[in-house]
Amino acid sequence: MRRSSLCAAALVMAAPALAGPLDEPHLNIVPRTAQEAGRVQAVMQTGSDFTAPEPFEDRPAGAATVRVRDTADAFSDPSGNITFEDELKFKVGNGLFRKIWVSSPSSTLASDGLGPLFNARSCQRCHIKDGRGHPPEGPDDNAVSMFLRVSIPDEAAALTEIEEYLGTAPDPTYGTQLQDHALPGIPAEYRLQIDYEEIPVELPDGEIVSLRSPTYTAADLGYGPLHPEAMLSPRVAPQMIGLGLLEAIPAADILAWADPDDLDGDGISGRANIVWSAEFDMPMLGRFGLKAGSPTVREQSAGAFAGDIGISNPIFADPFGECTTIQDACQTAPHGDGDDRAFEIDAEGLDLVTFYSRNLGVPARRGMDGAQVLRGKQVFHESGCASCHRPKFVTHRLKDQPEQSFQLIWPYSDMLLHDMGEGLADNRPEARANGREWRTPPLWGIGLTERVSGHSYFLHDGRARSLLEAVLWHGGEAQSARDTVVAMPQDDRAALITYLESL
């Protein structure tokens, strides 16, 4: 059931009680006029005619949409409306995104400061071709782009003021993220071990789909045992396209779809994650990360530099990355701070990577007017998928980001947290997200995953080997939609998958 305008308006009016989520200090916003607000309201309506595509549906990123490449570089083009001058800026940012960082001391002062603990030596190493990462295929798979987050419950630690706000605390020995690589002479923190159990699911028409259920182990711990109450959460690197457009969606428009108490009785209880911004020193609406744990592209990028590569920056300034005080050799190892940059990546470099990340273009739709795709779109809406994978938004009008300014976009996400059931639970909270909640992942570009990443692994930990497996893992608030897909005729299920592959 689609929320009424009255319900949405009430939720927006109530939003300021959420401790500031409507504040968007990272954006230079031009307020919408009454006429523009009316145009937005009109374009946001989704009709019930599935015999033809909707206007502008072929351009999921509006004017920023890019042509579809028939190569693995399909996610690597800049916004389609970028200027010639800014395309150069994009390419410089791409160079920093791909840069291989080295240890200190080094003669390459602009590239030193790696680690001492790290998961990767470059951003591109996890976001391969700007697409999804994947879990290990076997013990000798060195192309893994996955790690474990770790924390302990708030009642198990004396929390700082910020940790109290977040409701969780770092593991006293290992921090908030486990790193599986280290510089010579320093032990790595762990080795990721995954054991799968195959679970056959028989559909009513006799089709059998096998789901692989993972068990994660932090093996070969380098600094002693984890805290007895340590909570682990597996994370595969997500695709990078369209991030600047997601950042430019008005917070009020996202909050308008939040319904934490399910007031409309449709079984969907989307919640906003309100997170602490280290950059702005205030609570903000979480948008990025698998649990919406980061408020902006710049802060998400800075956190990845610090946690994944061990690179200090203006937001997360520790030169030793995520090393804890117990890890003496890590904290006292040489680092790349202290030269003209002040940090291992300075504000200019961080801004260039942020610009690159904001402007990775979303490819145009393919075959959206085909009969099978249109039937799949109807199935998508009638089975309830669009209740969370909300098709479209209109971004803010922005003074200094023309690529993202006032665009009709089709991300297929409400950007909210939803209870996905026990099967997908990691049982680890993150800010307001509990252990069963995940942010609705945007679906744009999902049909190009295999072309870009060389695999078709989905969900937060890559356990699903196909889109159908991903659907069958849905539970909690999505249980009804999942059961509808299971019960439908095989032809309708096939049409649904075809539709998803066209996104």
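What you see is a predicted model, and the numbers here were worked out from it, not measured in a lab.

Brief notes about the sheet that holds strand E3 (residues 146-153)
Here is step 1: Sheet architecture is open: 3 strands sit in the order E4-E3-E8, paired in antiparallel fashion. Only two strands of the sheet have a single neighbouring strand rather than two, namely strand E4 (168-169) and strand E8 (231-236).
Here is step 2: Sheet topology places E3 next to E8; 6 bridges connect them, and they run antiparallel. In the sheet register, Ser-151 faces E8, and the bridge partner there is Met-231.

Description of the state of the cysteines
In protein structure, a disulfide is the covalent linkage between the sulfur atoms of two cysteines.
Here is step 1: A complete count under the given rule lists 1 disulfide for this structure.
Here is step 2: Between the sulfur atoms of Cys-323 and its disulfide partner Cys-330 the distance amounts to 1.5 Å.
Here is step 3: Judged by relative accessible area, which is 5%, Cys-323 ranks as buried.
Here is step 4: Just so you know, Cys-385 is unpaired, no disulfide at all, and the nearest cysteine sulfur is the one on Cys-388, 9.0 Å from it.

Thoughts on the environment of Arg-98
Here is step 1: Mapped onto the secondary structure, Arg-98 falls in helix H3 (residues 84-98).
Here is step 2: Judged by relative accessible area, Arg-98 falls into the partly exposed class, the value being 46%.
Here is step 3: Taking the C-alpha atoms as reference points, Arg-98 and Arg-121, 23 residues apart in sequence, are found 9.2 Å from one another.
Here is step 4: The residues touching Arg-98, leaving out its near neighbours within four places in the chain, are Ser-122 and Gln-124.

Section: the packing of aromatic side chains
Here is step 1: Counting across every chain of the model gives 6 aromatic pairs.
Here is step 2: Relative to Tyr-223, the ring of Tyr-174 has its centre 6.2 Å away and its plane inclined at 80 degrees; by these criteria the two rings are edge-to-face. Remark: Tyr-223 occurs in the loop between strand E7 (208-219) and E8 and Tyr-174 occurs in the loop between E4 and strand E5 (181-182); sequence separation between them is 49 residues.
Here is step 3: On the basis of relative accessible area, Tyr-223 is assigned to the partly exposed category, the value being 21%.
Here is step 4: Geometrically, the ring pair formed by Phe-380 and Tyr-412 is edge-to-face, given 6.2 Å between the ring centres and 80 degrees between the ring planes. With Phe-380 in helix H10 (residues 371-382) and Tyr-412 in the loop between strand E13 (408-409) and strand E14 (417-419), this residue pair connects regions lying 32 residues apart in the sequence. Both residues of the pair, Phe-380 and Tyr-412, belong to the buried class.
Here is step 5: Among the aromatic side chains, those forming a connected cluster through ring pairs are Phe-90, Phe-97 and Tyr-356.
Here is step 6: Over the aromatic face of Tyr-196 sits the side chain of Arg-212, whose NZ or CZ is 4.4 Å from the ring centroid.

Criteria and thresholds
Residues numbered from 1 in each chain as written. Predicted model: local features only at pLDDT ≥ 70, side-chain atom pairs only at ≥ 80, totals over all residues. Heavy atoms only, no water. Pairing = 2+ DSSP bridges. Helix = DSSP H or I, 4+ residues; strand = E, 2+ residues; numbered from the N terminus. Disulfide = S-S within 2.5 Å. Buried < 20%, exposed > 50% of the residue type's maximum accessible area, 1.4 Å probe, protein only. Contact = heavy atoms within 4.5 Å. Phe/Tyr/Trp six-rings, centres within 6.5 Å; stacked < 30°, edge-to-face > 60°. Lys NZ or Arg CZ within 6 Å of the ring centre and 35° of its normal.

Shape is all these values report; function is a separate question.
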